[in-house]
Amino acid sequence: SNSVYTLIFPIDARTQTKSPYSMTSIEEYNRREKAARANLTTAETSAFSTVTFDYLGIRSRVEKESELRHYVDGWTEPTIKQYFTERFFAGPYCFTSFSPYEREIFGNVSRRIGEFTRERFGREIRPLPTLLAQTGLFRLSRALRAILGLECISVFEVGPGTGYLGGLLAAAGQAYASIDNCQALYLWQSRVLETIAPHDFSDWAADDQTTQRKRLEHLPWWDFVRLRHSCPLQADVVVSNSNLGEMSRNAMHYTLRIARQMLDGSSTPGFFLFAST
């Protein structure tokens, strides 16, 4: 049923787009990360280092805003293609059809990202393969919501990559939070979420946290580490898309432990969705 979600896009999305220049800057992220590292243990910082990116020689940090354009829609470096071909299963999104609702919501997210990139980078880039790759998990979250009979379910995603599952869920009115340990991807994911729903979004790397939660929240890795002391977040669904096998062993154990705490706080049975261990 197309009534499962309600699109939150206005008729003319361009009139509602928040200026990207209010988003978390690279300098602010780096400053807060440096300050946080000083108060974390060696075990904590090493667990959430960019192990797989370092192994593949992939750049995990950016110094200029314009460099974020490389993360808009997939990566084409040979080492990445070889890595994913050898270790992960290909998604079925190229061999499916889309409902009118799906065409509308995917098209709206793509258009909003295109408007943002045109304003920010001087060139319109609309995501396609990495956006469509979220079809399966987006449909699963939609089905779980219908099965549970809830107006809204809360989803927590570990390592969102280019961030488009979050963008789709944000556009669909879901509650969504996520964490990433890669500076470049984290900054791009924040821009995706704030572009889609600027008034419902909180970036923990920039905002002072209060007891008031936002519908969309983004946690840097150092705040995720601190959740072991106190976890104010609950989730009906925790998603790990092709990254459990990319983590260090300590990071995986920690992530599963925190996921269990989040799911225990839910009034639903709680689901952990993963792809490509």
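Parameters and conventions
Residues numbered from 1 in each chain as written. Predicted model: local features only at pLDDT ≥ 70, side-chain atom pairs only at ≥ 80, totals over all residues. Heavy atoms only, no water. Helix = DSSP H or I, 4+ residues; strand = E, 2+ residues; numbered from the N terminus. Buried < 20%, exposed > 50% of the residue type's maximum accessible area, 1.4 Å probe, protein only. Contact = heavy atoms within 4.5 Å. Areas by Shrake-Rupley, 256 points an atom, 1.4 Å probe, with all protein chains shown as cover. Salt bridge = Lys/Arg side-chain N within 4 Å of Asp/Glu carboxyl O. Pairing = 2+ DSSP bridges. pLDDT = per-residue confidence, 0-100. Phe/Tyr/Trp six-rings, centres within 6.5 Å; stacked < 30°, edge-to-face > 60°. Lys NZ or Arg CZ within 6 Å of the ring centre and 35° of its normal. Axes fitted to C-alpha atoms, helices over the stretch in contact; angles between N-to-C directions. Polar contact = N/O pair within 3.5 Å; in protein donor to acceptor, adjacent residues only side chain to side chain.

## Topic: the overall build of the chain
Logical step 1: Each helix and strand counted, the chain has 11 helices and six strands in total.
Logical step 2: Looking at the chain as a whole, 51% of its 277 residues qualify as buried.
Logical step 3: Within the chain, residue pairs in contact and separated by at least 24 positions form 76% of the contacts whose partners lie at least 6 positions apart.
Logical step 4: Accessible surface for the chain amounts to roughly 13300 Å². Of this, 52% is attributable to carbon and sulfur atoms.

## Topic: the pattern of salt bridges
Logical step 1: Tallied over the entire structure, the rule returns 15 salt bridges.
Logical step 2: Between Glu-44 and Arg-228 there is a salt bridge; the shortest N-O distance is 2.9 Å. One end of the pair, Glu-44, is in helix α2 (residues 42-47); the other, Arg-228, is in the loop between α10 (221-226) and β5 (237-241), with 184 residues separating them in the sequence.
Logical step 3: Assessed through its relative accessible area of 11%, Glu-44 is described here as buried.
Logical step 4: Here Arg-139 makes a salt bridge to Glu-102, at a shortest N to O gap of 2.7 Å. One end of the pair, Arg-139, is in helix α7 (residues 135-148); the other, Glu-102, is in helix α5 (residues 100-121), with 37 residues separating them in the sequence.
Logical step 5: Taking the relative accessible area as the measure of exposure, Arg-139 reaches 28% and is therefore partly exposed.
Logical step 6: Here the salt bridges share partners, and the residues they tie into one network are Glu-28, Arg-31 and Arg-32.

## Concerning helix α8 (residues 164-171)
Logical step 1: Here α8 lies mainly inside the structure; eight of its eight residues are buried.
Logical step 2: Along α8, the positions that sit buried rather than exposed are Tyr-164, Leu-165, Gly-166, Gly-167, Leu-168, Leu-169, Ala-170 and Ala-171.
Logical step 3: Once α8 ends, the next one or two residues include Gly-173, with phi positive near 85°.

## Here's the deal with the pairing of β5
Logical step 1: Across the five residues that make up β5, a large majority, four, are buried.
Logical step 2: Direction of pairing for strand β1 (residues 154-158) relative to β5: parallel, over a ladder of four bridges. Residue Glu-157 lies in a different strand from β5, and its bridge partner there is Val-239.
Logical step 3: Pairing analysis gives five bridges linking β5 to strand β6 (residues 271-275), with the strands arranged parallel.

## Regarding the confidence of the model for the chain
Logical step 1: Put simply, the chain has an average pLDDT of 86, and 83% of its residues get 70 or more.
Logical step 2: Contacts of residues 1-21 to residues separated by more than four positions or lying in other chains number 51 contacts, the stretch itself having pLDDT below 50.

## A word on unusual backbone geometry
Logical step 1: The backbone phi angle of Ser-242 is positive, close to 60°, even though this residue is not glycine.
Logical step 2: By secondary structure assignment, the location of Ser-242 is in the loop between β5 and α11 (249-264).
Logical step 3: Given a relative accessible area of 15%, Ser-242 falls into the buried group.

## Describing the packing of aromatic side chains
Logical step 1: A complete count under the given rule lists 12 aromatic pairs for this structure.
Logical step 2: For the pair Phe-116 and Phe-121, a centre-to-centre distance of 6.1 Å together with 80° between the ring planes defines the contact as edge-to-face.
Logical step 3: According to the relative accessible area criterion, Phe-116 is buried, its value standing at 1%.
Logical step 4: Judged by its relative accessible area of 18%, Phe-121 is buried.
Logical step 5: Linked through ring pairs, Tyr-29, Tyr-186, Trp-221 and Trp-222 together constitute an aromatic cluster.
Logical step 6: Over the ring of Phe-98 we find Arg-139; its NZ or CZ atom is 5.5 Å from the centre of that ring.

## Comments concerning the sheet that holds β1
Logical step 1: Taken in spatial order, the six strands make up an open sheet running β3-β4-β2-β1-β5-β6, and their pairing is parallel. What marks the edges here is a single partner per strand, and that holds for β3 (201-203) and β6. Within the sheet, the average angular offset between the axes of one strand and its neighbour, ignoring direction, is 15°.
Logical step 2: Against the sheet, α7 makes contact with β5 and β6, and its axis sits at roughly 160° relative to β6, the strand it touches most.

## Describing the environment of Arg-32
Logical step 1: With respect to the helices, strands and loops of the structure, Arg-32 is situated in helix α1 (residues 26-37).
Logical step 2: Owing to a relative accessible area of 22%, Arg-32 belongs among the partly exposed residues under this scheme.
Logical step 3: Linking Arg-32 and Ala-206, residues 174 residues apart in sequence, is a C-alpha distance of 8.2 Å.
Logical step 4: Of the polar contacts made by the side chain of Arg-32, one reaches the side chain of Glu-28; its length is 2.8 Å.

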